[in-house]
Each structure stands twice: as C-alpha cells, then as structure tokens.
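# Summary of structural features
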Amino acid sequence: MATEQQFIEDGMQRTQIDEFFAEELARAGYGGMDLAKTPMGTQIVLRAEKPGMVIGKGGKNIRKITSELEERFDLDDPQIDVQEVDEPDLNAQIVADRLGNALERGWYFRKAGHTTIDRIMDAGARGAEITLNGKVTGARSRNEKFNRGYIKHNGEPSQDIVDRGDGVAVMKLGTIGVTVKIIPPNADLPDDFRIHEDVDTESLVPEDIEADEVEALLGEAEEPAAGPEESESDEEFELTEEEAGTETAEVAEEEIVEEGVEDETGAAETGAEEADIDDELSEETEADAEAILDEMESTEATDADVDASEQPIESAAGAGLTAIDGVGDAKAAALREAGFETVADIQEASEDDLAEAEGVGDAFAERIKEGASEVDPADVEGEN
C-alpha cells in the first residue's frame, strides 16, 4: 500500500473509532480520545466526565468495548486508559454535546449559546467560539456565531492549541450542527509577551564616557584644510559664474528688443482685420445658437411624450395606497397582490383580511386600517 493511501486509511479508522466512542459513551460524558499504535499494541486514552460509567461494574463495560474494537476495527491488543476530565466546561466535545442536548430539549438557540459560552469563560478559558449551522428558527438554514475572548482561526496554533468539539441536535425542522472551539487557560500562544519584575538592569546601562575622551574624539573628527587643487577649482568656478551672468544679461536684452518691435508692427496690421472678423463671428454664432435651441426644445418634448407613454400602470395605481400613513412602495405592492387595489378596498376590508397579505402582520394591519380611515378615497383617486 502506498504511503499516501496508508495515511488516508489511518485517518478514516481514527474517525470511525471516535464516532463509535461518542455513541457508546454519550451518557458518560465522552470528551475525546488519543490513539497511538505501538509495537506492544494500540494505546487508547479516553477522556470522560464520568469514568465509572465507562468502566462499568467490575470492568464489564470496558471489556465489552475492548472486544468490540478488536472485532470491528481489527486492532491489535487494544489497551484503553480512562481519564477523568477535571473541568468539563473547558472540554470542547463535552460542551458541544451538552449544547446539542439543550437544543433538542427546546432551549432557544440564543439563550443556549450565550449561557454555554458564558460558562466556558467563567471556567477560565482565554477564548471561545460557538457555531450553530442549520435551521435554527425557520425554514431557511443559516449560521449563528457566539464569540468571547481570544480565538485562533489560522496556522499551527489553530490546530495544536485550540480544542475543537462537534455535536448534533436533531430537531423537527432538521439537523443543527454544533461546533465549539476553546482556547484553554494554560495555552502558550506564540504572540504572548511577559513582563519580568525585579530584574537587575545595571548591566543594561551604557558605560559613562569621561570629558577628556569626548574632546579627543572631537579633535580627530576635525575637517582637514583645503589643498591647492581645491582652491584652483573654486576660482575657476567663480570665473565661470561671472562670465555666465554677463552672457545671459546680453541675451535677455536682445530678446526684449526684438519682442517690442514685433508687437508694434503686429498691432498696426491686425487692428483693421479684427473688426471685420468680429462682425462675421457674431452673425454666425447667433444663427448656430438659434438652431441649437430649436433642437433642444424638440428633443425635450419627445422625451416627455415617451416617458408619459412608458410609465407603468401599476405605479399610478400604487400611488393611492402609498397615501396611507406608513405604507411604502413594497407594502403597496404586497397589498395589490392580495387584491386591495384602492384605499376604498382597504377601508372596506377587515384587519384579518389585511393581515393575510405577504409581509403584513396583525399589528401592521391595524395601523393600515387607522391610516386608511384618515384618507378620503375620492381625493386620492382624483390625483391618480
């Protein structure tokens, strides 16, 4: 058998054994198991809230479980060690089974979830999360979560530190899955930090430096005097700056003179042409503006006709129902589907008839009746 297939077979066998113990030891408060295969046999450590019920009178029950493990799962010499759970409220499997039983007995899911997670935190847990999946209240299934404290969802800590338990509540509407995650109080999280008190910090203080040593260090850091090469380069740089200044000044004066001449000649030539161009532009722009205004007026008129023709009849009919105080578009649509087209229909109908409409209850039906009594049907129908 390939190595990958062997891992799959071992995982399936472990899951089946865990389900077997959960069914057989449900009344004893089954809290999980640890399975390890050794050369001497298969070591199984059971955690239970009531170890006496697991062992049975004179060890009768434990012998029965051992023989059934050998027959059903083909285990070599299974050796079972039963350990008592010190704090059941910190064992995720026990808490999940308890919550599932509470839901089956008729507890409201919010009350059961908050009560359970409060007991977990009171027991000293660092964090907990409860998830309910299924039809908790109605015909549509959904997820409900209850969180307290600090919980890990990803990475190695979520697998090694977080204790997880799964339970089931069989209800009339369907099965509800219960998932409980708990971080125990003694968990060593990777992002924890500790503050050490009464620690000797003298070794962490830097040594004092005397004044003479500071002056010696400053003397070594003094800048060296400038050499002959640096002085020559500075003089050359200064000369180039002066020459560049004189050249830029001469170029600027020449450009200013040329621009002044061009402005004088250009103004004389274009003075007469601008008057003729302005007259031609004014006549053309006025004609174009009149044409654009005519097109805009024609398009607005056609759009108004299209909107009036395409307006749905139901929206005009629904405007009468929305005149009632508290009735919006959604409620008006629901009332129309139930057969109430006008305000007069609502005034004639009873509260029980109105309550049968989708989304309208008894309380809202009474409110609709009161609002309809204050509206004059003639005025509403006249507006429509």
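Before any of the text, the structure's been laid out above.
Residues numbered from 1 in each chain as written. Predicted model: local features only at pLDDT ≥ 70, side-chain atom pairs only at ≥ 80, totals over all residues. Heavy atoms only, no water.

## Details of the overall build of the chain
- Each helix and strand counted, the chain has 14 helices and seven strands in total.
- Per-residue burial for the chain yields a buried fraction of 26% across its 384 residues.
- Looking at the chain alone, contacts between residues at least 24 apart form 54% of all its contacts between residues at least 6 apart.
- Surface accessibility of the chain: about 27,100 Å² in total, with carbon and sulfur atoms responsible for 48%. (Helix = DSSP H or I, 4+ residues; strand = E, 2+ residues; numbered from the N terminus. Buried < 20%, exposed > 50% of the residue type's maximum accessible area, 1.4 Å probe, protein only. Contact = heavy atoms within 4.5 Å. Areas by Shrake-Rupley, 256 points an atom, 1.4 Å probe, with all protein chains shown as cover.)

## A short note on the layout of surface pockets
- The space that makes up the largest pocket amounts to roughly 870 Å³.
- Taken together, 34 residues form the lining of the largest pocket, with Y30, Q93, I94, D97 and D166 sitting closest to its centre.
- Mapped by element, the contributors of at least two residues to the lining of the largest pocket are α1 (3-24), β1 (30-38), α4 (92-104) and β6 (163-170).
- Of all the elements, α4 adds the most residues to the lining of the largest pocket, at eight residues. (1 Å grid on protein atoms, 1.4 Å probe; cavity = no way out; pocket = protein on both sides within 12 Å on 5 of 7 lines; lining within 4 Å. Points joined across faces, edges and corners; volume = space filled by probe spheres on them.)

## Some words on the sheet that holds strand β7 (residues 175-183)
- Here we have four strands laid out as an open sheet, ordered β5-β4-β7-β6, and antiparallel in their pairing. Edge positions in the sheet fall to β5 (142-149) and β6, since each of these pairs with one other strand and no more. Each adjacent strand pair in this sheet contributes to an overall mean axis angle of 15°, direction not counted.
- Of the pairings in the sheet, the one linking strand β4 (residues 127-134) to β7 comprises seven bridges and is antiparallel in character. Note that in β7 the partner of N133 across the bridge is G177.
- Packing against the sheet, α4 makes contact with β4, β6 and β7, and its axis sits at approximately 20° to β6. (Pairing = 2+ DSSP bridges. Axes fitted to C-alpha atoms, helices over the stretch in contact; angles between N-to-C directions.)

## Notes on the sheet that holds β1
- In spatial order, the strands read β1-β2-β3; together these three strands make up an open sheet with mixed pairing. If you trace the sheet from one side to the other, it starts and ends with β1 and β3 (78-84), each paired once. Recorded for the sheet is a direction-independent mean angle of 15° between the axes of neighbouring strands.
- The pairing of strand β2 (residues 41-48) with β3 spans seven bridges and is classified as parallel. Bridge pairing links T42 to P78 in β3.
- Packed on one face of the sheet, helix α3 (residues 60-73) meets β2 and β3 and runs near 135° to β3.

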